[in-house]
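Okay, here's what each chain looks like letter by letter:
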Amino acid sequence: MFRRLAQFLLALAIPTLVSAHGFVQQVTIDGTVYMGNKLNGANNPFLNCGQDAQFASLVGNANPGSQLEILWVGEIDGSCNWPHDTGPIMHYMAECDGFCLTYDSTNAEWFKISELGFEADGSTWYQANLMSGVPANVTIPNTLAPGNYLLRSEIHLPS
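To keep things clear, this report deals only with the structure shown in the data block. (Residues numbered from 1 in each chain as written. Predicted model: local features only at pLDDT ≥ 70, side-chain atom pairs only at ≥ 80, totals over all residues. Heavy atoms only, no water.)

In total, this model carries 3 aromatic pairs according to the counting rule given. Relative to Trp82, the ring of Trp72 has its centre 5.4 Å away and its plane inclined at 70°; by these criteria the two rings are edge-to-face. With Trp72 in strand 5 (residues 67-74) and Trp82 in the loop between strand 6 (80-81) and strand 7 (89-95), this residue pair connects regions lying 10 residues apart in the sequence. Owing to a relative accessible area of 0%, Trp72 belongs among the buried residues under this scheme. (Phe/Tyr/Trp six-rings, centres within 6.5 Å; stacked < 30°, edge-to-face > 60°. Helix = DSSP H or I, 4+ residues; strand = E, 2+ residues; numbered from the N terminus. Buried < 20%, exposed > 50% of the residue type's maximum accessible area, 1.4 Å probe, protein only.)

What follows concerns the nonpolar core. Judged by nonpolar contacts, the single largest core of 22 residues is most densely connected at Ile70, Trp72, Ile89, Met93 and Leu130. When residues of this core are traced back to their parent elements, those giving at least two are strand 2 (22-29), strand 5, strand 7, strand 8 (111-116), strand 9 (136-139) and strand 10 (148-155). (Core = buried A, V, L, I, M, F, W, Y, C linked by side-chain atoms within 4.5 Å.)

Most peptide bonds take the trans form, and the phi angle of most residues other than glycine is negative. A positive phi angle, close to 45°, is found at Asp30, a residue other than glycine. Structurally, the position occupied by Asp30 is in the loop between strand 2 and strand 3 (32-35). Taking relative accessible area as the criterion, Asp30 reaches 47% and is therefore assigned partly exposed.

Mapped onto the secondary structure, Leu116 falls in strand 8. For the pair Leu116 and Tyr126, spaced 10 residues apart in sequence, the C-alpha to C-alpha distance is 6.0 Å. Sequence-distant contacts of Leu116, defined by excluding residues within four places in its chain, comprise Gly87, Pro88, Ile89, His91, Tyr126, Ala136 and Asn137. (Contact = heavy atoms within 4.5 Å.)

Enumeration according to the criterion identifies 1 disulfide in this entry. Between Cys96 and Cys100 runs a disulfide, and the two sulfur atoms are separated by 1.9 Å. Between Cys96 and Cys100, the S-S dihedral sits near 100°, and the bridge is therefore right-handed. Taken as a pair, Cys96 and Cys100 share a single burial class, namely buried. (Disulfide = S-S within 2.5 Å.)

Let us look at the pattern of salt bridges. Pairing is possible between side chains that carry opposite charge, provided their charged atoms lie close to one another. By the definition in use, this model includes 2 salt bridges. In this structure, the salt-bridge partner of Lys112 is Glu115, at a minimum N-O distance of 2.7 Å. In this structure Lys112 comes out as partly exposed when scored by relative accessible area, which is 43%. Taking relative accessible area as the criterion, Glu115 reaches 45% and is therefore assigned partly exposed. One salt bridge connects Arg152 with Glu154, and the closest N-O pair in it is separated by 2.8 Å. The exposure class of Glu154 is buried, given its relative accessible area of 10%. (Salt bridge = Lys/Arg side-chain N within 4 Å of Asp/Glu carboxyl O.)

Positionally, Thr28 belongs in strand 2. Of the residues examined, Thr28 reaches a relative accessible area of 9% and is grouped as buried. If we skip the residues at most four places from it in the chain, Thr28 touches Val33, Gln67, Leu68 and Glu69.

Next up on the list: the pairing of strand 2. The buried count for strand 2 comes to 6 of 8 residues, which makes it a mostly enclosed element. Relative to strand 5, strand 2 runs antiparallel, the two sharing 7 bridges. Residue pairing in the sheet places Phe23 in a bridge with Val73 of strand 5. Of the strand pairs in this sheet, strand 2 and strand 3 are connected by 4 bridges, and their pairing is antiparallel. Bridge pairing in strand 3 places Thr28 opposite Val33. Where strand 2 folds back on strand 3, the antiparallel hairpin that results is connected by 2 residues, among which Asp30 adopts a positive phi of roughly 45°. (Pairing = 2+ DSSP bridges.)

And the structure:
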């Protein structure tokens, strides 16, 4: 059974940033590309659903085991690669109460599906890949129950 990930959080509003460092430029689900939207700042009132957000008009189809590629870019206009190489990248999902295109995610119950910390060498953060223009790779859990879901991607920068 297909899982539907609402594009408004999947690609338009997933960034949770400390400051205006960048945003998710695109999300690829099993080879299909969804373009993102610029949204900067942890105190931005549009963080939940994006600048002047409206409910999404598109969704991305994904199944348990689907491969996601989440491309973060730098600067307010996305003109460069992600500028940081330190800190974890985490991904969360929340089941929509009904259809995600009309779901108010303000009180969503998020659960973690991925945390990308250090590479196998134990000293290089996975986030360093973003500096090279390589997207974060995430797999939808094989155990995910049928339904409609939102996806959130977070980058944490240690202080």
